[in-house]
Amino acid sequence: MAQRFPCDTHIHTARCGHAGGLDEEFVEAGMERGLAAITLSDHAPFYWLPPEERDPALAMAADELPRYVDDVLALAERYRGRIEVLLGVEADYAEGHEEELARLLEAYPFDVVLGSVHLIDGWLVDAPTSLARLNQGQAEVDRIWARYADLLISAAGSGLFDVLTHLDLPKKFGHRASLPFAGRQSEIVAAVARSSCAVELSSGGRRKPVGEDYPAPDLLRELASAGVRFVLSSDAHAPAEVGLGFDELAANARAAGVEEVLVFRRRRGTSVRL
Ligand SMILES: [Zn+2]
Ligand SMILES: [Zn+2]
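One structure accompanies this document, and this report is about it.

What counts and how
Residues numbered from 1 in each chain as written. Chains lettered and ligands numbered in written order. Predicted model: local features only at pLDDT ≥ 70, side-chain atom pairs only at ≥ 80, totals over all residues. Heavy atoms only, no water. Buried < 20%, exposed > 50% of the residue type's maximum accessible area, 1.4 Å probe, protein only. Helix = DSSP H or I, 4+ residues; strand = E, 2+ residues; numbered from the N terminus. Right-handed = clockwise from strand over helix to strand, strands pointing away. Pairing = 2+ DSSP bridges. 1 Å grid on protein atoms, 1.4 Å probe; cavity = no way out; pocket = protein on both sides within 12 Å on 5 of 7 lines; lining within 4 Å. Points joined across faces, edges and corners; volume = space filled by probe spheres on them. Nonpolar A, V, L, I, M, F, W, Y, C, P; charged D, E, K, R; others polar.

Observations concerning the pairing of strand β4 (residues 112-116)
In step 1: Of all five residues making up β4, five are buried, and the element is well covered by its neighbours.
In step 2: Because side chains alternate across β4, one face comprises the buried residues Val 112, Leu 114 and Ser 116, and the other comprises Val 113 and Gly 115, equally buried.
In step 3: With respect to chirality, the unit in which strand β3 (residues 84-92) leads through helix α3 (residues 98-106) into the neighbouring parallel β4 is right-handed.
In step 4: Pairing between β4 and strand β7 (residues 163-164): two bridges, direction parallel. Residue pairing across strands places Gly 115 opposite Leu 164, the latter belonging to β7.

A few points about the layout of surface pockets
In step 1: Taken as a whole, the largest pocket holds about 420 Å³ of empty space.
In step 2: In terms of lining residues, the largest pocket is bounded by 22 residues, among which His 18, His 43, His 118, Asp 126 and Lys 172 are the most central.
In step 3: For the lining of the largest pocket, the class distribution of residues is eight nonpolar, eight polar and six charged.
In step 4: Reported here for the second largest pocket is a volume of approximately 240 Å³.
In step 5: Contributing to the lining of the second largest pocket are 16 residues, with Ala 76, Arg 80, Glu 84, Val 85 and Leu 86 lying nearest its centre.
In step 6: Counting only elements with at least two residues in the lining of the second largest pocket, the list comes to α2 (65-78) and β3.
In step 7: Taken together, the residues of the lining of the second largest pocket break down into eight nonpolar, one polar and seven charged.

With respect to the environment of Leu 22
In step 1: As for its position among the elements, Leu 22 is in the loop between β1 (7-11) and α1 (23-32).
In step 2: Judged by relative accessible area, Leu 22 falls into the exposed class, the value being 54%.
In step 3: Between the C-alpha atoms of Leu 22 and Pro 239, which are 217 residues apart in sequence, the distance is 8.2 Å.

Keep in mind these numbers describe shape, not what the thing actually does.
Here it is as structure tokens:
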């Protein structure tokens, strides 16, 4: 029988405008995959932009957030005893807007807040539109990785997040820096270790052009030896992606020295053997 995993910590819903499926289908996919828990963690509203500039295909609208929270809490009740449904959110780190995000987060009883750096000086590094920049040559790729590193270090130290997602995201379309993290990998590892944020082991990257989990194997080893903790995640945007690739994700993590992962409830992580 396939191994039972404690939790898939990163799952989107149709509310963000680029994921498909009913909430129940995500939960039932988690049950079919033998997960003990799943955390719905849809994209928080783009709080740093005025409402009229927010793209409904990227994140839920502000007035949808309270309904999302109510819906997930109701699902948790409905599935109690069969699978634990936890309430999460994936929030972008937007430099200079930390207080707005803190206010948004404190209004709801989240089990976990995933922190993501997608936004680099007003553009989204993982959007297909970023290819025009990434394809400008290695010097520009290195510059983007270095700027991403600055923002990731700030996000880690912001105190806003429980988990940092897809840590080496600029590789998504296959653009690597000349040196890992443009020469700043050990600085990143130290900042994450200091922050007490956990890092997600994400199978999402294998479905992207880069075809590799986040974080990359060498980065994962360095994080593990610095004492950083981890969660398991698929970054599912469709029910079929829930828990996808977890056997291999866990095997790679064990090979890197990771023996346990965290499950977050009410923003506190509990260790579970991997
Ligand atoms: Zn998404
Ligand atoms: Zn993301």
